[in-house]
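# Structure at a glance
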Amino acid sequence: MPVINRIAEFHADMTAWRRRLHAHPETAFEERRTADFVAAKLGEFGVEVDRGLAVTGVVGTIEGGNGPAIGLRADMDALFVSEANDFAHASAVGGKMHACGHDGHAVMLLGAARYLAETRRFKGTVRFIFQPAEENEGGGRVMVEDGLFDKFPVDGVYGMHNWPGLPVGRFALRAGAMKAACDIFEITVTGRGVHAAMPHLGADPIPAACEMVSAFQTIVSRAANPVDSAVLTVTRFRAGETTNVIPDVAVLGGTTRSFLEATRDMIEARMRLIADHVAAAHGVAAEVQYERRYPSLVNHRKEAETAAAAAAAVVGADNVDADAPPNMGAEDFAYMLERVPGCYVLIGAGESSPPLHASTFDFNDEILAIGASYWARLVETVLGVPAKLEML
Ligand code: NI
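This is a predicted model, so every value here is computed, not measured. (Residues numbered from 1 in each chain as written. Predicted model: local features only at pLDDT ≥ 70, side-chain atom pairs only at ≥ 80, totals over all residues. Heavy atoms only, no water.)

## Topic: the nonpolar core
Note the cut-off: Only buried Ala, Val, Leu, Ile, Met, Phe, Trp, Tyr and Cys residues count toward a nonpolar core, and they belong to the same one when joined by side-chain atoms within 4.5 Å. Residue exposure (1.4 Å probe, protein chains only): buried if accessible area is under 20% of the type maximum, exposed if over 50%, otherwise partly exposed. In this analysis, two residues are considered to be in contact whenever any of their non-hydrogen atoms come within 4.5 Å of each other.
Formed by 69 residues in total, the largest nonpolar core has its most connected members in Leu-72, Phe-128, Phe-130, Phe-171, Tyr-374 and Trp-375. Beyond its immediate chain neighbours, meaning those up to four positions away, Phe-128 contacts Val-47, Val-58, Val-59, Gly-60, Thr-61, Ile-62, Leu-72, Leu-109, Ala-112, Ala-113 and Leu-116. Among the nonpolar cores identified, the runner-up in size contains 27 residues, and Leu-53, Met-143, Leu-337 and Tyr-344 belong to it.

Written out as C-alpha cells, the structure is:
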C-alpha cells in the first residue's frame with residue numbers, strides 16, 4: 001500500500017495503541033481514560049494540548065508559521081454493545097465496545113500528529129480535534145457550542161470514518177449532502193383500558209396506534225418528492241401486559257431521516273397531523289414528541305476536491321470515488337460543517353469487515369497507516385509543502 005513510509009514505520013505502534021483503546025471502551029462524555037491517552041501521546045509528540053471542551057474533548061495544535069489553519073477531527077467514543085469477539089484486545093468493559101471503529105479513528109489522527117510534529121512540512125496551523133460522544137449524544141455539537149472554533153479558529157475542517165464493504169485502499173466522498181439529517185420521535189397513544197372481551201366499554205389505543213404506523217408509511221411514499229430521499233422507520237411499538245386486558249396506553253417510537261430541511265419540516269408536520277386525526281377518529285389521545293437531532297452532513301465543494309486530491313496522493317486517483325452515493329446514516333460532524341467549510345470522507349475498511357455497530361466488529365488495523373497518511377497529505381496539500389511531495 002503506497003502509504004507515507006515514515007508513517008508505515010510506526011504502524012506497529014499504532015496497532016498497539018488501537019488495541020489498547022479497543023480493550024477499554026468509554027461511552028459519551030465519559031471518555032476520560034481515552035482522552036488521557038490521546039493527550040499524553042500528543043504531548044510526547046511535542047503537540048500543544050488543550051482539554052475540557054465538551055467535557056472530555058482534546059484539541060492538539062501545531063503552529064507551523066504564518067498560513068491558514070486546518071482542523072482534523074476524530075471521534076473517541078464507544079457504543080453500548082456487548083462485544084462477541086474473544087481475541088486478546090476484546091472489550092474489558094461489560095456492555096460497551098468500540099463497535100464503530102472510533103478507536104481506529106483516534107489512532108489514525110494520532111499517527112498523523114506524530115508524523116506532522118516530526119516533519120513539519122507545512123506552513124500554517126494544524127488543529128487535531130478529538131471529540132467525545134459522536135454516537136447519539138452530539139459531542140460535535142457540544143464542542144462547537146463550547147467555542148471550539150472561537151478558541152481554535154480554522155479555515156477548513158475535515159472528518160473521516162472507516163467504512164466496511166469499501167475495499168481497503170479506497171476512499172469515498174461526495175460534494176454536497178452525504179449523510180442524512182436524523183430525528184427521533186415517540187408517540188404516546190392514550191385510550192381507556194378495559195376487559196378484552198368488552199372493548200365497547202373502553203377505548204383501545206392499539207388499533208389507533210397500528211393505523212398511525214400504516215399511515216406514516218404514506219408520508220415518504222406519497223408526500224415527499226420521489227427524487228428526494230427520506231426514511232421514516234417505526235422501531236418500537238409497546239402496549240399491553242397480557243392477553244385478556246386492553247391496555248390504557250400504546251407507545252410508538254422511531255427515527256426519520258431526510259436531506260432537505262423542507263422535507264424534514266414536512267415529515268414532522270405530517271406525523272403530527274396523522275397522529276392527531278387518527279387518534280380523534282378512534283376516540284383516543286395522541287401525544288407526539290418529535291426531537292430534531294443531527295442535521296444533514298453537507299460537504300463543501302472546494303474542500304471535497306481538496307480531500308479527494310489528498311486521498312489520491314496516498315492511494316491513487318483510481319481508488320478515490322469522489323462522487324459516492326449519499327447514505328441515510330447520520331453523523332455529528334455535520335455540526336462542524338455548518339460552521340466551517342470542510343469535507344468528510346469514508347476510508348475503506350475492507351469487504352470482509354463486519355458491519356459497523358455489530359458485536360463482532362473490530363477496526364481493521366491494516367488501514368491505520370492509510371488513514372494517517374491521508375491526514376498528513378491533506379495537511380501538506382492545504383498548507384502547501386514547499387518542495388514537491390515525496391514519500392519520506
Ligand atoms: Ni461511527
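## A closer look at the coordination of the nickel ion
We apply this condition: Any N, O or S atom lying within 2.8 Å of the metal counts as a donor, and for Na, K and Ca the limit rises to 3.2 Å; water is left out, so some sites can look incomplete. For helices the rule is a DSSP run of H or I covering at least 4 residues; for strands it is a run of E covering at least 2, with both sets numbered from the N terminus onward.
Note on the nickel ion: its protein donors are Cys-100 (SG), His-102 (NE2) and His-161 (NE2). The metal-donor distances range over 2.1 to 2.2 Å. We note that the donor set of the nickel ion lies within a single chain, spaced as C-x1-H-x58-H. In this pair, His-102 sits in helix H4 (residues 102–119) while His-161 sits in strand S5 (residues 156–164), placing the two residues 59 residues apart along the sequence. For His-161, a relative accessible area of 5% translates into the label buried.

## Details of the domain arrangement of the protein chain
Put simply, the rule is: Note that domain bounds follow an automatic or database assignment of domains. The quantity reported as buried area is the accessible area (1.4 Å probe) lost by two parts once they are put together, taken as the sum for both. We count a salt bridge whenever a side-chain nitrogen from Lys or Arg sits within 4 Å of a carboxyl oxygen from Asp or Glu. Throughout this description, a polar contact denotes any pair of N or O atoms lying within 3.5 Å of each other; where both atoms belong to protein, one of them has to be capable of donating a hydrogen while the other can accept it, and for residues adjacent in sequence the pair is counted only when both atoms sit in side chains. Classification used: nonpolar for Ala, Val, Leu, Ile, Met, Phe, Trp, Tyr, Cys and Pro, charged for Asp, Glu, Lys and Arg, polar for all others including Gly.
Each domain of the protein chain was delimited in the assignment, giving domain 1 (5–179 + 296–382) and domain 2 (181–294). Centre-to-centre, using C-alpha coordinates, domain 1 lies 37 Å away from domain 2. Contact with domain 1, which involves 18 residues of that partner, is made by 10 residues of domain 2. Across the interface of domain 1 and domain 2, roughly 970 Å² is buried in total on both sides, 63% from carbon and sulfur atoms. On the domain 1 side of the contact with domain 2, Ser-296, Met-328 and Ala-330 bury the most area, a combined 57% of that side's loss. Applying the counting criterion to the domain 1 and domain 2 interface returns zero salt bridges. For the pair domain 1 and domain 2, the interface holds seven residue pairs in polar contact (both at pLDDT 80 or more). Looking at the side of domain 1 that touches domain 2, the element that brings in the most residues is strand S7 (residues 176–179), giving three residues. Here the residues of the side of domain 1 that touches domain 2 sort into seven nonpolar, five polar and six charged.

## Side note on the sheet that holds S5
Worth spelling out the cut-off: Criterion used throughout: strands pair if DSSP finds at least two bridges between them. For helices, the fitted line uses only the C-alpha atoms of the stretch in contact; every axis is such a line through C-alpha atoms, and the angle between N-to-C directions lies from 0 to 180 degrees.
Pairing is mixed in the open sheet, where eight strands are placed in the order S1-S2-S4-S3-S5-S16-S6-S15. Single-partner strands in this sheet number two, and they are strand S1 (48–51) and strand S15 (320–321). Direction of pairing for S1 relative to strand S2 (residues 58–64): antiparallel, over a ladder of four bridges. Residue pairing for S2: Val-49 is matched across the bridge by Gly-60. Lying over the sheet, helix H9 (residues 301–315) contacts S5, strand S6 (171–172), S15 and strand S16 (342–350), oriented at roughly 35° with respect to S16.

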